[in-house]
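Reading the structure
One letter stands for each residue in the lines below.
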Amino acid sequence: MKIIVTSLFVQDQDKALEFYSEKLGFVKKHDVPMGKFRWITLVSPDALDGTELLLEPNEHPAAKEYQKKIVAEGIPATMFGVADIHQEYKRLLENGVKFTMEPTKMGESTIAVFDDTCGNLIQIVQQ
């Protein structure tokens, strides 16, 4: 068994697709109409057959409440691994990404947190 898709609630699929592809550099793998919404997944450019990130509409009231509460508590919705957090932090800042936490050493890892503009805090980590 392996993880093939993981989802992230987003307030606006088009805005999320733009942010995750243009600002972060993920590659769109699927964009399939599904009634009112779309099945939009992205992958890492260096792992085109790897785990897909599904941009899941937060239309359900429980999804909206969950998203709102974890952001209010400062809890990242997910985590992405990076090889060099300081280099990635600089690249993302240059792309206009707003961070809520600069790279910070936490035990054996260094983490940073940014706002994805779609209702989530996202953590990057270098281990």
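In this numbering scheme, every chain counts its residues from 1 along its sequence in written order. The model is predicted, so local features are restricted to residues of pLDDT at least 70 and side-chain atom pairs to those at 80 or more, both for listing and for counting; the totals for chains, interfaces and linings are taken over all residues. In computing side-chain properties, one takes all heavy atoms of the structure into account and sets aside hydrogens as well as water.

**Description of helix α1 (residues 13-23)**
Partly exposed residues are those whose accessible area sits between 20% and 50% of the maximum for their type, while under 20% is buried and over 50% is exposed, using a 1.4 Å probe and protein chains only. By the criteria applied, helices consist of DSSP H or I runs no shorter than four residues and strands consist of E runs no shorter than two, each listed in order from the N terminus. Every buried residue of α1 is accounted for by Q13, A16, L17, F19 and Y20. Viewed along the axis of α1, the buried residues span an arc of 165°, placing them on a single side of the element. Structurally, the start of α1 carries an N-cap: the backbone nitrogen of D14 is 2.9 Å from a side-chain oxygen of D12. Directly after α1, the chain includes G25, whose backbone phi takes a positive value near 95°. As used here, the arc belongs to the directions running from the helix axis to the C-beta atoms. Polar contact is defined as a pair of N or O atoms within 3.5 Å, subject to the rule that within protein one atom must be able to donate a hydrogen and the other to accept it, and that residues adjacent in sequence are counted only when both atoms are side-chain atoms.

**What about the UniProt feature "domain: VOC" (unreviewed entry) in the protein?**
UniProt positions are given in the numbering used here, feature names are shortened, and annotations may be inferred rather than shown by experiment. Cross-referencing UniProt, the feature "domain: VOC" (unreviewed entry) maps to residues 1-127 in the present numbering. Between the C-alpha atoms that bound residues 1-127 there is a distance of 24 Å. The span itself is 26% helix and 42% strand.

**As for the environment of L92**
Considering the arrangement of structural elements, one finds L92 in helix α3 (residues 85-94). The exposure class of L92 is buried, given its relative accessible area of 2%. Spatially, the C-alpha atom of L92 lies 9.3 Å from that of F114, the residues being 22 residues apart in sequence. Residues count as neighbours in contact if any of their non-hydrogen atoms are within 4.5 Å of one another. With sequence-adjacent residues up to four places away left out, L92 is seen in contact with K23, L24, V97, F99, F114 and I124.

**Here's the deal with the packing of aromatic side chains**
Working definition: a ring pair exists when centres of Phe, Tyr or Trp rings (six-membered ring for Trp) sit within 6.5 Å. Plane angles under 30 degrees give stacked, over 60 give edge-to-face, the rest tilted. This model, assessed by the stated rule, comprises 7 aromatic pairs. Between F99 and F114 the ring centres are 5.6 Å apart and the planes differ by 70°, which places this aromatic pair in the edge-to-face class. Of the two residues, F99 is situated in strand β6 (residues 98-106) and F114 in strand β7 (residues 109-115); the sequence distance between them amounts to 15 residues. Owing to a relative accessible area of 1%, F114 belongs among the buried residues under this scheme. An aromatic cluster is defined as three or more aromatic residues linked by ring pairs; in this entry it consists of F19, Y20, F26, F80, Y89, F99 and F114.

**Focus on the pairing of strand β4 (residues 52-57)**
Taking burial as the measure, the 6 residues of β4 include 5 buried ones, the bulk of the element. Pairing between strands requires that DSSP locate at least two bridges from one strand to the other. Taken together, the 6 bridges between strand β1 (residues 5-10) and β4 define a ladder with parallel strand orientation. Pairing of V10 across the sheet is with P57, part of β4.

**Focus on the layout of surface pockets**
Here a cavity denotes a set of grid points, spaced 1 Å apart and computed over the protein atoms alone, in which a 1.4 Å probe fits but from which it cannot get out, and a pocket denotes an open set meeting protein on both sides within 12 Å along at least five of seven lines; residues with an atom within 4 Å of a point are reported as lining. Grid points are joined across faces, edges and corners, and a volume is the space filled by probe spheres set on the points. Its boundaries defined by the atoms lining it, the largest pocket holds a volume of some 280 Å³. Lining the largest pocket are 13 residues, with L24, F26, G81, V82 and E88 sitting closest to its centre. Elements that contribute at least two residues to the lining of the largest pocket include exactly β5 (78-81) and α3. Ten residue types, Ala, Val, Leu, Ile, Met, Phe, Trp, Tyr, Cys and Pro, are classed as nonpolar, four, Asp, Glu, Lys and Arg, as charged, and the remainder, Gly among them, as polar. Each residue belonging to the lining of the largest pocket can be placed in one class, and the counts come to 8 nonpolar, 2 polar and 3 charged. Estimates place the volume of the second largest pocket at around 160 Å³. What lines the second largest pocket is a set of 13 residues, and nearest its centre among them are F26, S44, T51, L53 and F80. Those elements that provide at least two residues to the lining of the second largest pocket are β3 (37-43), β4 and β5. Top contributing element to the lining of the second largest pocket by residue count: β5, with 3 residues.

**A short note on the pairing of strand β2 (residues 27-34)**
In terms of strand pairing, β2 meets β3 through 7 bridges, oriented antiparallel. Bridging across to β3, M34 finds its partner in F37. The antiparallel hairpin formed by β2 and β3 contains 2 residues in its connecting segment, where G35 sits at a positive phi of about 75°.

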